[in-house]
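Analysis of the macromolecular model
Letter by letter, the chains look like this.
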Amino acid sequence: MVQTRSRKRPWLAALLSAIAPAFGHLYLRRWLRALGWIGATMLSTLFVPDATLDALVSGHPFAWLDAAPLLAVSLLSVLDAYRLAVVNNYLLRLRSAGEAMTVCPDCGRPVEGELEFCQWCGTTLDRVNTDEPAHHDFQ
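The following paragraphs examine the structure supplied in this document. (Residues numbered from 1 in each chain as written. Predicted model: local features only at pLDDT ≥ 70, side-chain atom pairs only at ≥ 80, totals over all residues. Heavy atoms only, no water.)

Re the nonpolar core
Note on soluble globular proteins: their nonpolar side chains tend to be buried together. Ala13, Leu28, Ala81, Leu84 and Ala85 form the largest nonpolar core, which has 5 residues in total. With 3 residues, the top contributor of residues to this core is helix 5 (residues 68–96). With near-sequence residues (within four places) excluded, Ala85 lies in contact with Lys8, Arg9, Pro10, Ala13 and Leu28. (Core = buried A, V, L, I, M, F, W, Y, C linked by side-chain atoms within 4.5 Å. Buried < 20%, exposed > 50% of the residue type's maximum accessible area, 1.4 Å probe, protein only. Helix = DSSP H or I, 4+ residues; strand = E, 2+ residues; numbered from the N terminus. Contact = heavy atoms within 4.5 Å.)

Side note on the packing of helix 3 (residues 31–44) against helix 5
For any two helices packed against each other, one specifies the crossing angle of their axes together with the interaxial distance. One way to put it is that helix 3 packs onto helix 5 with a least axis distance of 8 Å and a crossing angle of 165 degrees. Here helix 5 runs roughly antiparallel to helix 3, going by the angle between their axes. Of the two possible hands of crossing, helix 3 and helix 5 adopt the one that is right-handed. On helix 5, the residues that touch Arg33, Trp37, Ala40, Thr41 and Ser44 of helix 3 are Pro69, Leu70, Val73, Leu76, Ser77, Asp80, Arg83 and Leu84. (Axes fitted to C-alpha atoms, helices over the stretch in contact; angles between N-to-C directions. Parallel < 35°, antiparallel > 145°, perpendicular 65-115°, else oblique. Left-handed = near helix turned anticlockwise from the far one by under 90°.)

Quick look at unusual backbone geometry
A positive phi angle is found at Ala22, which is not glycine, with a value near 90 degrees. The residue Ala22 is located in the loop between helix 1 (10–19) and helix 2 (23–27) in this model. Exposure remark for Ala22: the relative accessible area of 0% places this residue in the buried category.

Observations concerning the pattern of salt bridges
Scanning the entire structure with this criterion turns up 2 salt bridges. Its salt-bridge partner being Arg33, residue Asp80 comes within 2.8 Å of it at the nearest N-O pair. Remark: Arg33 occurs in helix 3 and Asp80 occurs in helix 5; sequence separation between them is 47 residues. According to the relative accessible area criterion, Arg33 is partly exposed, its value standing at 30%. With a shortest N-O distance of 3.3 Å, Arg83 and Asp80 are connected by a salt bridge. Taken together, the residues span about one helical turn, with Arg83 and Asp80 both in helix 5 at a distance of 3 residues. Residue Arg83 is classed as partly exposed on the basis of its relative accessible area, which comes to 40%. On the basis of relative accessibility, which here comes to 9%, the residue Asp80 falls in the buried class. (Salt bridge = Lys/Arg side-chain N within 4 Å of Asp/Glu carboxyl O.)

Considering the environment of Tyr82
Within the secondary structure, Tyr82 is located in helix 5. You can call Tyr82 partly exposed: its relative accessible area is 43%. Setting aside residues no more than four positions away along its own chain, Tyr82 makes contact with Pro10, Trp11 and Ala14.

Pasting the structure below:
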């Protein structure tokens, strides 16, 4: 199930996450995911030397390789926020077009076509028409 009910701007989500990890997720109203990115950012600072962190805060030159863990987490946060906004808009477009969409009862994600299981979590899906025999053409 989509947590946000309106279209979101992917570029804005990415820009906000570029300013500070998790800001884009807050814009998307993905609160727990934002907390996860804040935690990942704090954890990544454990692998960055103190001198590099001081240089980052003060705006002085620093060794890019020393800041790699923090930069990697920041980049992944940007990409994740962008992807979430795109997926949100896609799901909203499907719903507004009136296309029938099966949603997994376990994980809440949309299920492709006529699958009998959720491709995301593997949960077996119970179809509404269980009286009809399954018909497969293997030609």
